[in-house]
Amino acid sequence: MRFTFAAFLSALLAFTPFVTASSGILQSRSLAQCQQNSSFSASLFDVLFTADDGILDFNITGVSTVQGNVTIELVVFAYGLKAYTKTIDPCQSNLEGLCPMQQAPLNIKSNTQVPADALRQIPGITYTVPDLDAKVQVYFNLTSTGQSVACVEAELSNGKTVYQSAVGWSIACVSGLALLASAVTAGLGHSNAAAHVAANAMALFGYFQAQAFIGMTAVSLPPIVSAWTQNFQWSMGIIRLGFLQDIATWYQRATGGTPSTVLSNLSQTSVQVQKRSIDAYSHAMEAAISNLKRSVLGARSNAGGPSNTDSSNTVVVKGIDRVGFRAGIEESNIFMTGYMIFIAFVMFTIIGVLLFKGVCELLTRAGRMKGDKFKDFRNGWTTVLKGIMFRIVLIGFPQMVVLCFWEFTQRDSGAIVVLAVFTIFAMLSILAWAASKVIRLARRSISMHKNPAYILYSDPVSLNKWGFLYVQFKATAYFWVVPSLIYILIKGLFVALVQSSGIIQAIAFVVIEALYLIAVCVMRPYMDKKTNGFNISICVINFLSSIFLLVFTEIFNQPGIVTGAMGVIFFVYNAAFSLILLIIVLVASVIAVFAKNPDTRYQPMRDDRGSFIKSSNNLNTELDALGATARGESRHHKGARIEDDDDSWSGASGDPKHGVQGQTAYMGSHNNSYSDAPPRSPGFQSDSASGRHAAPPSFQSRGARGKGALDMTSWWAAVGEIRKLAAERQQHQDKDDLVDSVLEMYLDESEKAGWM
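Within each chain, residues carry numbers counting from 1 in the order of the written sequence. The predicted origin of the model limits local features to residues at a pLDDT of at least 70 and limits the giving and counting of side-chain atom pairs to 80 or more, whereas totals for whole chains, interfaces and linings rest on all residues. Values reported for side chains reflect all heavy atoms of the structure, with hydrogen atoms and water molecules removed beforehand.

K.L.:
Where do I start with the overall build of the chain in this structure?
P.N.:
When its secondary structure is counted, the chain shows 22 helices and 12 strands. The buried label goes to any residue with under 20% of its type's maximum accessible area, the exposed label to any with over 50%, and the partly exposed label to all in between, with areas taken from a 1.4 Å probe on protein chains only. Looking at the chain as a whole, 54% of its 756 residues are labelled buried. Contacts: residue pairs with any heavy atoms within 4.5 Å of one another. Looking at the chain alone, contacts between residues at least 24 apart form 74% of all its contacts between residues at least 6 apart. The Shrake-Rupley method, run with a 1.4 Å probe sphere, supplies the accessible areas, and residue values consider only the shown protein chains as cover. Of the roughly 32,900 Å² of accessible surface on the chain, a fraction of 60% belongs to carbon and sulfur atoms. Helix and strand assignments follow DSSP, with helices taken as H or I runs no shorter than four residues and strands as E runs no shorter than two, numbered in order from the N terminus.

In structure tokens:
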């Protein structure tokens, strides 16, 4: 029987010009059924052909219930196109044991030499093209009736793939370095450059997660698309580390769960990674799979007949299971792996911030670093750390939405489900609170100053803590964080909860991406033209990818070659776009860190945020001093708190300087640092009794309403500050001109108000 089946495989290869190789290899690790009630099945199918020596190795375990004379029909598909068809009569071809076929179990492990003339029929490109989209189907037809009694198909691979661990790690490093560069740039005081780098880095990270979403759908993807999207699964926490797998398995068992054993039983189980279907038989197979256990991972035996003793096990993986299988992660460990990766990211970030704080202090005390370097960070590092934690929650939000809601359908163990519930709803609460906080601050700023940017950017505490939600948007689009979070949440829900239907997922993706693209194009919510262009281009690519995803479902019944060609096109344009984005972000990050003044590369924001962003530790110009004094601050007063007193849950600082005494005129009627009394100066003697020289109505009325208006005392204090700085720098003429301009503005308004 061994010799007979080996001869059959040799004949099959001889009549199949697309079978085999990489320096040259061709291999197949699964034998799937391609018709219902097939009379031939295999629990293990591992075939490897090496072109250099022409040796075909095979290891097959299965059972056949076919009995009688048959003809064998070979059909080879390449990229959806029927490339080769051959009918073989085992009796005429002297295939002993197949003429006639007998009911018998199969257990074959052997090798055979492939004839040289068969090798010459194999095109050279077969060995080199990555993620070869080819398969061979074998039909066993009864000679007497022509009826097909069995059909099996084998996916062919040449060992070449676009899924490379080095690619994934490289992309991850660039993304991480971009986020780190934005933090360093902000610490050096270049707020404009830092905001641009951070916005682009976050957009890039979001694009990578969108690619990962496509790979997690239940759509039967072309091999090259499945492999390409696998490069981005690290952004969803799908990273295989051996010790994490051990911890996840132990935890599941300890909490009453039953770990899956697909990967550990590969020697006994034939695993088929679901790819795009070829013909109507595949649709029938998919319908059968949908009724299997857990809707996405099933085992079945298709051999039939009275003497059927087959215990074969064919496993088909798709969607999130497919992603986990390709990463080498058991299905029951996928959630815990992603969860532990996220927790590790949080912990390493906290440790990194603490170490950076310690190193900065040590270098400063040792005289190795100037005292004003990263001074804002060193003085308010706890607030900065809170902001970083919020940003990490935002980065991990898409990952945890998918994994946590998907875990609700898997129920690996009771404790793991509780962990998923706590995690996702905690993250939703944190982001909802942060978004509402930003909206309240912006509305208060509009009410007080007719400009949302005033409070959002003038208070360093609010900027460091909540800025991750709005710095990438223009001030008037402060609310855009809410639509963006809803967009991520809805996409994640479809990926997690609709694993049983790839068509529904694809249609949902098209609708969601179309609506979001239209909204972004109409609103243009980002900070400037370049950032809008950067994000709109990502939205366009995401929308285009969703259309391709819909085509991959074969809902349009297009020819197979169309699907195969579109898979290659999907890879090409996404690879080119990813490279362009990486170069843009990498160049911007390098310039931001090493340029002397990277802010000069960017135009000032139209929302005038730059005039409100200030350093609370170093007033570099006379205009900074004027603005600080006009706000009720001084060179020795560290920043004003604008947040509500009842917002302590959101991270109100424990620093006494940020308490009630640290509040300024931003708090309106809650603060008495500004008096409504008229100014006292040589040029304007006050007459409080008559009120003849009271503050101008445009100022005083606003102050009485608690709007934090400027009064004459603040103006004259600012003038004094300017004169002091002018004297220090011996630039009397220029500074006197500035003082005169300030006084002239005030006198003009006073005269218009009838104060003089």
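K.L.:
When you look at the pairing of strand 8 (residues 134-142) in this model, what are you seeing that I'm missing?
P.N.:
Sheet faces and side chains relate simply in a regular strand, where the side chains alternate between the two faces. Within strand 8, eight of the nine residues are buried, leaving the element largely enclosed by the surrounding structure. One bridge is not enough; two strands pair if DSSP finds at least two bridges between them. In this sheet, strand 9 (residues 148-156) lies alongside strand 8 in antiparallel orientation, the contact comprising eight bridges. Looking at the pairing, Tyr139 lines up with Cys151 of strand 9. Linking strand 8 back to strand 9 in an antiparallel pair, the connection comprises five residues, with Gly146 at a positive phi of about 80°.

K.L.:
I would appreciate a short explanation of unusual backbone geometry in the present structure.
P.N.:
You will see that Asp131, though not glycine, has its phi angle at about 50°, which is positive. As for its placement among the helices and strands, Asp131 is situated in the loop between helix 2 (116-119) and strand 8. You will see that Lys450, though not glycine, has its phi angle at about 60°, which is positive.

K.L.:
Whenever I open this one, the state of the cysteines confuses me. Can you help?
P.N.:
Formally, a disulfide is one covalent bond, and it connects the sulfur atom of one cysteine to the sulfur atom of another. Disulfide assignment relies on a single distance test, namely cysteine sulfur atoms paired within 2.5 Å. Applying the stated criterion to the full structure yields one disulfide. Between Cys34 and Cys151 runs a disulfide, and the two sulfur atoms are separated by 1.6 Å. Where Cys34 bonds to Cys151 through sulfur, the torsion about that S-S bond is close to -90°, and the disulfide is left-handed. Of this pair, Cys34 sits in the loop between strand 2 (31-33) and strand 3 (40-50) while Cys151 is found in strand 9, placing the two residues 117 residues apart along the sequence.

K.L.:
Explain the packing of aromatic side chains to me, please; I cannot follow it from the model alone.
P.N.:
Note on aromatic contacts: the rings of Phe and Tyr and the six-membered ring of Trp form a pair at centre separations within 6.5 Å, being stacked when their planes are under 30 degrees apart, edge-to-face when over 60 apart, and tilted otherwise. Counted by the stated rule, this structure contains 22 aromatic pairs. Ring centres of Phe335 and Tyr339 lie 6.0 Å apart, and the angle between their planes is 25°; this geometry places the pair in the stacked category. Of this pair, Phe335 and Tyr339 both sit in helix 9 (residues 334-365), four residues apart, which is roughly one turn of that helix. Judged by its relative accessible area of 15%, Tyr339 falls in the buried class. Ring centres of Phe552 and Phe570 lie 6.1 Å apart, and the angle between their planes is 65°; this geometry places the pair in the edge-to-face category.

K.L.:
I tried to follow the packing of helix 5 (residues 223-230) against helix 18 (residues 560-594) on my own but got confused; where do I start?
P.N.:
Two packed helices can be described by the angle between their axes and the distance between those axes. Closest axis-to-axis distance for the helix 5/helix 18 pair is 8 Å, and the angle between their directions is 25°. Compared by their axis directions, helix 5 and helix 18 come out roughly parallel. Note on packing geometry: the crossing formed by helix 5 with helix 18 is left-handed. Along its contact with helix 5, which presents Ile224, Val225, Trp228 and Thr229, the element helix 18 presents Gly567, Val568, Phe570, Phe571, Asn574, Ala575 and Ser578. Residue type decides the class: Asp, Glu, Lys and Arg count as charged, Ala, Val, Leu, Ile, Met, Phe, Trp, Tyr, Cys and Pro as nonpolar, and the leftover types, Gly among them, as polar. Classifying every residue of the contact of helix 5 with helix 18 by side-chain character gives seven nonpolar, four polar and no charged. Lines fitted to C-alpha atoms define the axes, with helix axes restricted to the stretch in contact, and inter-axis angles between N-to-C directions lie between 0 and 180 degrees. The labels follow the angle: roughly parallel below 35 degrees, roughly antiparallel above 145, roughly perpendicular from 65 to 115, and oblique for the rest. Left-handed describes a crossing whose near helix is turned anticlockwise from the far helix through less than a right angle; right-handed describes the clockwise counterpart.

K.L.:
So what exactly am I meant to see when it comes to the confidence of the model for the chain here?
P.N.:
Any segment with low pLDDT has predicted coordinates that should not be analysed in fine detail. For every residue, the predictor assigns a confidence score, pLDDT, that lies between 0 and 100. When pLDDT is averaged across the chain, the result is 74; 68% of the residues are at 70 or more. Within the chain, no element has a lower average pLDDT than strand 11 (residues 297-300), which sits at 34, and none a higher one than helix 16 (residues 502-523), at 96. Here residues 11-22 is modelled with pLDDT under 50, and outside its nearest four sequence neighbours on either side it reaches 44 contacts, counting other chains as well. Segment residues 277-312 is flagged for pLDDT under 50; beyond a separation of four residues in sequence, or across chains, it makes 73 contacts in the model.

K.L.:
Any chance you could explain a nonpolar patch on the surface here in plain terms?
P.N.:
Here a patch means residues that are over 30% exposed by relative accessible area and free of salt bridges, tied together within 9 Å if like-charged and within 5 Å if nonpolar (Val, Leu, Ile, Met, Phe, Trp, Tyr). Take a side-chain nitrogen of Lys or Arg and a carboxyl oxygen of Asp or Glu: if they are within 4 Å of each other, that pair is a salt bridge. Taken together, the side chains of Ile503, Ile507, Val511, Leu515, Ile555 and Phe556 make up a nonpolar region of the molecular surface, amounting to roughly 530 Å² of accessible area. Following the sequence through the fold, Ile555 ends up in the loop between helix 17 (529-552) and helix 18.

K.L.:
Just to check I follow, could you spell out the side chain of Asn535 for this structure?
P.N.:
Inspection of the secondary structure puts Asn535 in helix 17. Assessed through its relative accessible area of 7%, Asn535 is described here as buried. For Asn535, the contacting residues outside a window of four places in its chain are Ala203 and Tyr526.

K.L.:
Explain the sheet that holds strand 6 (residues 81-88) here, please?
P.N.:
Two pairing modes exist for strands in a sheet, parallel and antiparallel, and in both the strands are linked by backbone hydrogen bonds. Taken in spatial order, the five strands make up an open sheet running 2-9-8-5-6, and their pairing is antiparallel. At either end of the open sheet lies a strand with only one pairing partner, and these are strand 2 and strand 6. When strand polarity is set aside, the average angle formed by the axes of neighbouring strands in this sheet is 20°. Relative to strand 8, strand 5 (residues 70-78) is paired through nine bridges, and the arrangement is antiparallel. Opposite Val75, over in strand 8, you have Gln137 as the bridge partner.

K.L.:
Mind showing me how you'd approach the side chain of Glu513 here?
P.N.:
With respect to the helices and strands, the residue Glu513 is situated in helix 16. A distance of 2.7 Å separates a polar atom in the side chain of Glu513 from a polar atom in the side chain of Lys491. Among residues more than four places away in sequence, those in contact with Glu513 are Tyr487, Lys491, Asn542, Phe543 and Ser546. Polar contacts here mean pairs of N or O atoms no more than 3.5 Å apart (in protein, one a potential hydrogen donor and the other a potential acceptor; neighbouring residues in sequence count only if both atoms are side-chain atoms).

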